[in-house]
Amino acid sequence: MPRDRRHFIVNGLGQHQVFKPKGNPRTKRPNDVADRAAHAQALLQALDHLPEIKHDGRPGIYLDVQGRSGEVMITSGLDASGLTLLNVQPGRLEDNEPPKATVFASVDGLGKLRQKIEDFAEKNRPNKDGSEGRPCNANLVQSIGAIVEAGLRTLWRSPDVRFPDGKNIAAWELWLDKAAAAAFMASAAEYGVAIGADRLDFPEDIVVIATATRDALALAVRRLGGVRALAAPTITADYFDAMEIEEQTEWVDTLLRSTKFDIAAESGVVTLLDRGVSRAHPLIAPALSVDDRHAADPAWSVEDFHGHGTQMAGLSLYGDLTIALQTMLPIHIQHRLESVKIIPDAGHNPHHLLGATTRAAINAVEATSSRRRTFAMASTTEEDTPHDGAPTSWSSEIDQLTSGASGQKKIRRLMLISAGNTNQNLFGNSDYLTVCHHLDNEIESPAHAWNAICVGAYTQKSVIPVGEPGVPFAPAGDLSPSSRTASWSRHWPIKPDVVFEGGNWVLSGSPPPMKHPALALLTTDRQYPMRAFSSCGETSGAMALASRAITELWSEYPEIWPETIRALFVSSARWTPQMRSHLSPKPSKGDYAPLFQRYGYGVPDMERARRSASNALTLIVQDKITPYRKSKKSAVHTNNEMKLFELPWPVEELRRLTNTPITLRVALSTFIQPNPSEPMRGSKFRYASHNLRFKLNRPDEGRPEFIARISKISDQHEDPAVEEDDGWAFGSNRRNVGSIHVDELTCPASDLARRNILAVHPVAGWWKTKMVPDPEQHSARFALIVEIDAGVAEANLYAEVETAIDNLNLIQNAV
């Protein structure tokens, strides 16, 4: 179902308005034909001239259905009853060119189309008053001017000039119907069509790369069916990167014409903590003011002399330019850039000053204005590895800055940090994931900070230009070989939090694998006008893409807190099918540990993060808690309170779904204040100012029983090492670490209908120790993201929750 509804923000009893699309205007219809019987007869004869498919084993036939010149074409009747509408071309009135459609018709579909034409010739529909109305199927049949068997070109969706010509073997991008993809791929080789190993999985299509001559592919498509579209394989970054500067400049000018900059005073900002950014590039200048370039040290230049910062700027504005330049769809940029240089142009920062330099950089930019900033940093150090997840001075300062405990302004901050890059010379012939997972490739400091979002890299780039040697090093959908991973599986936070595209490498001959621009991201070059484009990637590029995505998401909900937008962003992430292929068929809680270490929670689903649907909704809750109070009897303070939420639940809809499985996903996010002193840093309960947990009532558990159970659990100092069989997928050993906790359970809808009481309670933290004399003065903000997803089941969960929230507001107003 479409995700076209805003999430519910329930701060107390917040109001929410649903987007309701306007109704469509009445559709025009074609004019009546002059001779009804003759028109029908001509179309029936066209069907008679089609090849016989009923007895030769073909699943169907591709039809080129042409419209009538000067008339509108109604195509809804060509997408039902064994007919699959593949594409529509509107035609051009000025050239008297009729519209046309490409349709795949099964044997039954052809028979039903024939019947519709015959009914048009012989039958009329009755009007409401009983009089004789228009011919049956008039809109459909009178839209059609001719029907012939379709050729290969009718399936082509790329520019005509890129259609392979001649008899040479060429690369083709095949869009396969999901239901028929397996059969096509199993038999394609019999027709001389080689299918590559890469797969892209979309809601209705499987996309693969094939190599074949034009005639071989045409025969395979005709005999096997299942192909919904053909396209030229995607142009890779090296295509643009290798251009002469004159041609690159033309592409820049074209992209600028299709880009609208709508940057207001309240717009979000991506603040790049890097090596500076060049404003000379015309794609960057509109979003980066002269006054928005700074340096941690006032003596440093703000210009980019190395290129890295300008590369990050392009990605954080446009994403991968390879995509933007090919699609040429309108681009709407609503966020601005800021640049703060944190690395000197010559020499390097002394290691012990890295935290101070980061703080100075943030102070410098925040002194100029108050903005909704996403701090993005791709600078890390391997000098602190291995740290095994334990805090370092730099990561601790990051936690202080994000929590508002440090910096001239005591405000909470959203920060993204790259995971750090591997050394490609370490890779040999063994499984690359084993190398990435080695202690030598541990996530670099300060990316393991609790409150920051650590961004690792995965890749979907696995197409090498035809004729070039080598094979992609990593399979599509898996970890990018450049991405570092966590060496720890519990106790310290799950890192990375998420992964974004970071490119791939190519293996040609003996190791090590090499970088290849075709498998990289395309972005802006600092040397403009001498160079316009540059290829890059790795976890730096992934982090820049993530900063763009989360800043755009925050613009959808500008009123929510940094810790809330972090939870909404991370909770939307899912593992790709390739990532999940490393799990056993029925995974236990412990089986998920390697996936968390490599991919965190996976790839953020930005459609899920932005919007709810009728059968899949998200509740956003923001609150605060005073976790501890003084104790006269104990050597430490005691737990003070827990927050209980009786969530507005779609009870009736869940009951109606009976035993339909429903997925509930909960994310709890808070920003801790760190205490990195040596006695404290060895324990998550002492490093963090406070630690929070969430619990959900069981189906047979009322409010008093639930409170009693939670109160008992909250007094436990350590989380259990033995997982409870409680229905949650990930379990406490992975959920109860760090300052963001995510878990999900799938259960019958009828059970979930009785599970709407959610508690947030404290466990130990250094605020609970006697070193804090007044714990009642220390409160902690937190955010809850609660997702209910009915999958493919049709349900109106959203409407019932909306009504429940409205009713609660009425009660509040009455009180």
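Model, not experiment: these values are computed from the prediction. (Residues numbered from 1 in each chain as written. Predicted model: local features only at pLDDT ≥ 70, side-chain atom pairs only at ≥ 80, totals over all residues. Heavy atoms only, no water.)

A. The arrangement of the overall build of the protein chain in detail. Looking only at helices and strands, the protein chain has 24 helices and 40 strands in total. Its C-alpha atoms give the protein chain a radius of gyration of 30 Å, within 12% of the compact-globule value 28 Å for 815 residues. Principal-axis analysis of the C-alpha atoms places the extent of the protein chain at approximately 100 × 65 × 50 Å. Looking at the protein chain residue by residue over its 815 residues, the buried ones come to 55%. Counting only contacts in the protein chain whose residues sit at least 6 apart along the sequence, the fraction spanning at least 24 positions is 79%. Surface exposure of the protein chain reaches about 34700 Å², of which carbon and sulfur atoms provide 50%. (Helix = DSSP H or I, 4+ residues; strand = E, 2+ residues; numbered from the N terminus. Rg over C-alpha atoms; globule rule 2.2 N^0.38 Å. Buried < 20%, exposed > 50% of the residue type's maximum accessible area, 1.4 Å probe, protein only. Contact = heavy atoms within 4.5 Å. Areas by Shrake-Rupley, 256 points an atom, 1.4 Å probe, with all protein chains shown as cover.)

B. Broad picture of the state of the cysteines. Scanning the model with the defined rule gives zero disulfides in all. No disulfide involves Cys454; its sulfur sits 14 Å from the nearest other cysteine sulfur, which is in Cys436. Relative accessible area serves as the criterion here: at 0%, Cys454 is assigned to the buried category. With no disulfide of its own, Cys536 has Cys454 as its nearest cysteine by sulfur position, at a separation of 18 Å. (Disulfide = S-S within 2.5 Å.)

C. Focus on the packing of aromatic side chains. On inspection of all chains with the given rule, the structure shows 21 aromatic pairs. Between the aromatic rings of Phe596 and Tyr601, the centroid separation amounts to 5.4 Å while the plane-to-plane angle is 75°, which identifies the pairing as edge-to-face. Neither residue differs from the other here; Phe596 and Tyr601 are each classed as buried. Over the ring of Phe120 we find Arg36; its NZ or CZ atom is 5.7 Å from the centre of that ring. A cation over a ring is seen here: Arg735 above Phe694, with NZ or CZ 5.4 Å from the ring centre. (Phe/Tyr/Trp six-rings, centres within 6.5 Å; stacked < 30°, edge-to-face > 60°. Lys NZ or Arg CZ within 6 Å of the ring centre and 35° of its normal.)

D. Looking closely at unusual backbone geometry. Of note, the amide linkage connecting Ser445 to Pro446 takes the cis form, showing an omega dihedral of 10°. Residue placement: Pro446 occurs in the loop between α12 (432–436) and β21 (453–459). Here the amide bond leading from Tyr528 into Pro529 is cis, since omega sits at 15°, within 30 degrees of zero. Along the chain, Pro529 falls in the loop between β27 (521–524) and β28 (533–536). Phi at Glu538 takes a positive value of approximately 60°, unusual for a residue other than glycine. Tracing the backbone shows Glu538 in helix α13 (residues 538–556).

E. Spatial organisation of the environment of Met73. Mapped onto the elements, Met73 comes out in the loop between β3 (61–67) and β4 (83–89). Residue classification places Met73 among the buried residues on the basis of a relative accessible area of 14%. Separated by 458 residues in the primary sequence, Met73 and Arg531 have C-alpha atoms spaced 47 Å apart.

F. Representation of the sheet that holds strand β35 (residues 643–646) within the structure. Taken in spatial order, the three strands make up an open sheet running β35-β39-β37, and their pairing is antiparallel. Of all the strands in the sheet, the pair left with one neighbour each is β35 and β37 (691–696). Put simply, the sheet's adjacent strands are angled 20° from each other on average, direction ignored. Of the pairings in the sheet, the one linking β35 to strand β39 (residues 757–763) comprises four bridges and is antiparallel in character. Directly across from Leu644, in β39, lies its bridge partner Ala759. (Pairing = 2+ DSSP bridges. Axes fitted to C-alpha atoms, helices over the stretch in contact; angles between N-to-C directions.)

G. Region of interest: the sheet that holds strand β22 (residues 471–472). Strand order across the open sheet formed by three strands is β22-β25-β26, with antiparallel pairing between neighbours. Only two strands of the sheet have a single neighbouring strand rather than two, namely β22 and β26 (514–515). Bridging between strand β25 (residues 505–507) and β26 involves two bridges; their strand directions are antiparallel. What sits directly across from Val506, in β26, is Met514.

H. Just the pairing of strand β40 (residues 780–789), in detail. Of all ten residues that make up β40, nine are buried, and the element is covered over most of its length. Note that strand β32 (residues 616–625) and β40 share ten bridges and pair antiparallel. The partner of Asp623 across the bridge, within β40, is Phe782. Two strands pair when backbone bridges link them, and strand β36 (residues 661–669) and β40 are joined in this way by seven bridges, in the antiparallel orientation. When the sheet's bridge partners are listed, Ala667 is paired in β40 with Ile785.

I. Fine view of the environment of Ser462. If you trace the backbone, Ser462 turns up in the loop between β21 and β22. Each C-alpha atom of the pair Ser462 and Asn504 lies 7.1 Å from the other, and the pair is 42 residues apart in sequence.

J. Spotlight on the nonpolar core. Formed by 86 residues in total, the largest nonpolar core has its most connected members in Leu321, Val455, Phe500 and Phe569. Among the elements that make up this core, the one with the highest residue count is α13 (nine residues). Non-local contacts of Phe500, meaning those with residues more than four positions away in its chain, are made with Val455, Gly456, Ala457, Tyr458, Ala542, Leu545, Ala546, Ala549, Phe569 and Pro604. Core analysis: the next-biggest nonpolar cluster, separate from the first, contains 43 residues, Val10, Leu619, Trp728 and Ala790 among them. (Core = buried A, V, L, I, M, F, W, Y, C linked by side-chain atoms within 4.5 Å.)

K. Fine view of the pairing of strand β18 (residues 336–341). Along β18, six of the six residues are buried, which leaves the element largely enclosed by surrounding structure. The alternating pattern of β18 places Arg336, Glu338 and Val340 on one face and Leu337, Ser339 and Lys341 on the opposite face, and all of these are buried. Bridge count between strand β16 (residues 293–295) and β18: three bridges; the pairing is parallel. Bridging across to β18, His294 finds its partner in Val340.

L. Local environment of the pattern of salt bridges. As enumerated under the stated definition, the model contains 40 salt bridges in all. Across the pair Arg3 and Asp789 runs a salt bridge, and its minimum N-O distance is 3.8 Å. With Arg3 in the segment before β1 (5–6) and Asp789 in strand β40, this residue pair connects regions lying 786 residues apart in the sequence. A single burial state applies to Arg3 and to Asp789, both of which are buried. A salt bridge links Glu552 to Arg548, with the shortest nitrogen-to-oxygen separation between them at 3.7 Å. (Salt bridge = Lys/Arg side-chain N within 4 Å of Asp/Glu carboxyl O.)

M. Quick look at the packing of α13 against helix α14 (residues 562–571). Between α13 and α14, whose axes approach to 10 Å, the crossing angle comes to 115°. The angle between α13 and α14 places the two elements in the roughly perpendicular class. Once α13 is placed against α14, the crossing between them reads as right-handed. Side by side, α13 and α14 meet where Ala546, Ala549, Ile550, Leu553 and Trp554 of the first sit next to Pro562, Ile565, Leu568 and Phe569 of the second. By residue class, the composition of the contact of α13 with α14 is nine nonpolar, no polar and no charged. (Parallel < 35°, antiparallel > 145°, perpendicular 65-115°, else oblique. Left-handed = near helix turned anticlockwise from the far one by under 90°. Nonpolar A, V, L, I, M, F, W, Y, C, P; charged D, E, K, R; others polar.)

N. Geometry of a negative patch on the surface. Among the surface-exposed residues, Glu244, Glu246, Glu247, Glu250 and Asp253 lie close enough to one another that they form a single negatively charged patch. Looking at the element boundaries, Asp253 is found in helix α7 (residues 245–257). Using a relative accessible area of 35% as the deciding quantity, one classes Asp253 as partly exposed. (Patch = residues over 30% accessible without salt bridge, like charges linked within 9 Å, V, L, I, M, F, W, Y side chains within 5 Å. Lys, Arg positive; Asp, Glu negative; His and termini not counted. Charge placed at Lys NZ, Arg CZ, Asp CG, Glu CD.)

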